[in-house]
Amino acid sequence: MRRKISIFGATGSIGQNTVDLVQRQGGAENYNIIALSGAANVALLAQQAIALQADIAITALPEKLPELQALLQNTGIESAAGADAIAESAAREIDWAMSAIVGAAGLNASLGIARQGATLALANKESIVCAGELLLRECSKNNATLLPVDSEHSAIFQALQGAKPETLERIILTASGGPFKDHSLAGMHSVTPAQAAAHPKWKMGKRISIDSATMFNKALEVIEAKHLFSCKPDQIEVIIHPQSIIHSMVGFSDGAMLAHLGSPDMRGPIGYALNFPNRNPLPLARLDFAKLARLDFAAPDITRFPALRLAYRVLETGGLSGAVFNAAKEAAMDAFLAGKTGFLDMAMLVEKALDDPYLNEQIAGDVFSLNAITDIDLAARQFVNALITNG
Ligand code: NAD
Ligand code: MG
């Protein structure tokens, strides 16, 4: 029987890699593709929907619907638009789905997949950072399988196969260090969005690339790791590893460490999630250790990359602080992209949001309430926007 699958954020970097693997594994002959979603690039979305014979294609942008409808005329493929339509399509019966929308905007798709007890391939780390308790409860209540797609968490998940949970001592998340790994703090003041988006090792969407430059991406991953692997803050470490060959490591109670190595290509973790529990052949470059010759490591510098320090603060505070952290970071990045704030100001703005007395009252709210999460998300964005407007 063909597996029913959906891909949310199909037109993005993760989405396109997922479509690529699905096509390599037989496309519509082997899979029954239910829903594909995108946003502005409806030409690509329509092309993917036609190639995979999807039931429905949804754009996040209502103003793009007429164009999508025109592109899908006479194909028999339904089209729809808007956040609600994406959430509704996530409730259509599936066996497996990729959650690869960028930002907290991906939360409803992740929840929809979890609520129908499907396999949730989770690239959208923001879902688990802002709503970890809720998302994991929905997964366990509905017998959904959550498979991390973030390369580090996929690496850890793979290293933990067959291990007893109580034997997990520490996890070490590797970080490339981003484009400003060796820049001085003074040199980072004037960084532009284009410079920040140019990642040295990974080809990714613009926002996650900028998150890698500030190390907010690693900060999100520290919080993601806490939820996924039930770790205490002192069990999660970050190490700079510029070659991005070791994707992360797990230390066990006997002192042994397992590392996951591979070429930096997201089709590795996406393919693992697509084929789990099997390992199918994947089109990844194979490692040549003689050519690599060396792997380097260095401690991260939290003075230049304060996002990491803030992540540990979120781990200690708990409650809804992950939602504040993520939303404030998204709003700060919107301002950075619009030229309204500087590169280093992004972490400062997030720290101010975490310090704010009103937001701190809300942080104690119900972590299982989607309303509480969306309310505090909005409040944190408004707080950051007001700070920027008022200088
Ligand atoms: P991307 O910007 O390339 O793609 C984002 C996708 O989301 C696109 O399909 C876009 O149309 C859609 N989208 C954008 N805004 C939307 C909105 N408001 N509502 C609905 N859909 C919207 O991003 P990406 O690099 O593919 O990253 C996707 C997710 O995967 C992010 O959460 C990112 O952190 C995570 N991730 C990405 C990588 C990577 O290598 N790219 C690695 C690990 C994790
Ligand atoms: Mg990652």
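Conventions adopted
- Residues numbered from 1 in each chain as written.
- Chains lettered and ligands numbered in written order.
- Predicted model: local features only at pLDDT ≥ 70, side-chain atom pairs only at ≥ 80, totals over all residues.
- Heavy atoms only, no water.
- Helix = DSSP H or I, 4+ residues; strand = E, 2+ residues; numbered from the N terminus.
- Rg over C-alpha atoms; globule rule 2.2 N^0.38 Å.
- Buried < 20%, exposed > 50% of the residue type's maximum accessible area, 1.4 Å probe, protein only.
- Lys, Arg positive; Asp, Glu negative; His and termini not counted.
- Charge placed at Lys NZ, Arg CZ, Asp CG, Glu CD.
- Arc of directions from axis to C-beta.
- Contact = heavy atoms within 4.5 Å.
- Domains from an automatic or database assignment.
- Buried area = accessible area lost by both parts, 1.4 Å probe.
- Salt bridge = Lys/Arg side-chain N within 4 Å of Asp/Glu carboxyl O.

Student: Looking at this structure, I do not really get the overall build of the protein chain. What am I missing?
Tutor: Helix and strand counts for the protein chain stand at 18 helices and 11 strands. Here the C-alpha atoms of the protein chain give a radius of gyration of 20 Å, agreeing with the 21 Å that 2.2 N^0.38 yields for 391 residues. Out of the 391 residues in the protein chain, the part that is buried amounts to 54%. One finds the centroid of the 32 positive side-chain charges in the protein chain at a distance of 5 Å from the centroid of its 39 negative side-chain charges.

Student: Looking at this structure, how should I read unusual backbone geometry?
Tutor: Outside of glycine, negative phi angles account for most residues, and trans bonds account for most peptide bonds. A cis amide bond links Phe276 to the next residue, Pro277, at an omega of 0°. Its identity as a non-glycine residue notwithstanding, Asn143 has a phi of 60°, on the positive side. Mapping Asn143 onto the fold places it in the loop between helix H6 (125–141) and strand E7 (145–148). Unlike most non-glycine residues, Ala293 shows phi in positive territory, near 65°. Positionally, Ala293 belongs in the loop between helix H13 (289–292) and helix H14 (307–317).

Student: I'm lost on helix H16 (residues 345–355) in this one. Help?
Tutor: Helical periodicity: at 3.6 residues per turn, an α-helix aligns residues three or four positions apart in one direction. Those residues of H16 lying buried are Met346, Ala347, Leu349, Val350, Ala353 and Leu354. The arc that holds the buried residues of H16, viewed along the axis, is 160°, so those residues lie on one side. Elements in contact with the buried residues of H16: helix H10 (206–214), helix H11 (216–229), H14, helix H15 (321–337), helix H17 (357–363) and helix H18 (370–389).

Student: I tried to follow the domain arrangement of the protein chain on my own but got confused; where do I start?
Tutor: A common way to report how large an interface is uses the accessible area buried once the components associate. Taken as a whole, the protein chain is organised into domain 1 (3–148) and domain 2 (154–265 + 282–389). Averaged C-alpha coordinates put domain 1 and domain 2 at centres separated by 24 Å. A buried area of about 2200 Å², summed over both sides, lies between domain 1 and domain 2, and 69% of it is on carbon and sulfur atoms. The largest share of the area that domain 1 buries against domain 2 comes from Lys125, Val129 and Pro148, three residues that together contribute 30% of it. Glu221 is the salt-bridge partner of Lys125, the closest N and O atoms lying 2.9 Å from each other.

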